[in-house]
Amino acid sequence: MSDREIASDDLSLPKATVQKIVSEIIPSDLVFSRDARDALIECCVEFIGLISTQANDIAENETKKTIASEHVIKALQELGFSDYIEPVREVIQEHKESQKGRERKIGKFEASGMTEEELLRKQEELFGLARSKLQHDEAVQ
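Residues numbered from 1 in each chain as written. Predicted model: local features only at pLDDT ≥ 70, side-chain atom pairs only at ≥ 80, totals over all residues. Heavy atoms only, no water.

> Is there a simple way to explain the packing of aromatic side chains in this structure?
Any two aromatic rings considered together are summarised by their centre-to-centre distance and by the angle between their planes. Applying the stated criterion across every chain, the model contains three aromatic pairs. Both rings, one in Phe47 and one in Tyr84, keep their centres 5.9 Å apart while their planes meet at 50 degrees; by these two values the pair is tilted. In this pair, Phe47 sits in helix α2 (residues 34–61) while Tyr84 sits in the loop between α3 (69–78) and α4 (85–101), placing the two residues 37 residues apart along the sequence. Of the residues examined, Tyr84 reaches a relative accessible area of 44% and is grouped as partly exposed. Among the aromatic residues, those joined into a cluster by ring pairs are Phe47, Phe81 and Tyr84. (Phe/Tyr/Trp six-rings, centres within 6.5 Å; stacked < 30°, edge-to-face > 60°. Helix = DSSP H or I, 4+ residues; strand = E, 2+ residues; numbered from the N terminus. Buried < 20%, exposed > 50% of the residue type's maximum accessible area, 1.4 Å probe, protein only.)

Structure (C-alpha cells):
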C-alpha cells in the first residue's frame with residue numbers, strides 16, 4: 001500500500017453530522033435507521049474517493065500539484081455527474097464571496113504598530129532587564 005492510499009476502514013464521516021443532515025431533509029415522521037445511515041456514509045466516502053481520484057488525475061495530467069475546483073468540476077463531468085456541476089459552481093462562488101468579506105488576520109508584528117528596528121530595540125531592552133534581574137537575584141542568594 002502506498003503512503004497515499006489509506007485503508008477504507010480508516011475513512012468515514014462523522015455519524016452525528018450525517019444523522020443531522022438526514023434529519024433536516026427527511027420528514028419528521030420518518031426514522032432513518034443506523035444501518036441506512038452507515039450505508040449512506042459508505043456511499044459518501046466512496047463518492048468522495050471517486051471524485052477526488054479523478055480530479056487528482058486531471059490535475060496531474062495538467063502537471064498541477066494542487067487540485068483546484070475546476071478539476072473537481074471536470075471530474076464530475078467526466079464521471080457522468082453533470083447534474084452536480086451547477087450546484088457545485090454555486091457553492092464555490094458562495095465560498096469565494098464569504099472569503100472576500102473575511103477579515104485578514106493581523107499578526108502580532110503588524111498589530112504592534114512598531115517598526116522591526118523598534119521591536120528589536122524593545123526586545124534587547126527586555127533581555128537587558130531580565131539579565132539584570134537574574135544577576136541581582138543571584139547576588140542576593
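> How do you make sense of the packing of α2 against α3 when you look at a structure like this?
Helix packing geometry: the angle between the two helix axes and the distance between the axes. Interhelical geometry of α2 versus α3 gives an angle of 110 degrees and a closest axis separation of 8 Å. Compared by their axis directions, α2 and α3 come out roughly perpendicular. Helix-helix and strand crossings are classified by hand; for α2 and α3 the assignment is right-handed. Note on element contacts: α3 touches α2 through His71, Val72, Lys74, Ala75, Leu76 and Glu78, opposite Phe47, Ile51, Gln54, Ala55, Ile58 and Ala59. (Axes fitted to C-alpha atoms, helices over the stretch in contact; angles between N-to-C directions. Parallel < 35°, antiparallel > 145°, perpendicular 65-115°, else oblique. Left-handed = near helix turned anticlockwise from the far one by under 90°. Contact = heavy atoms within 4.5 Å.)

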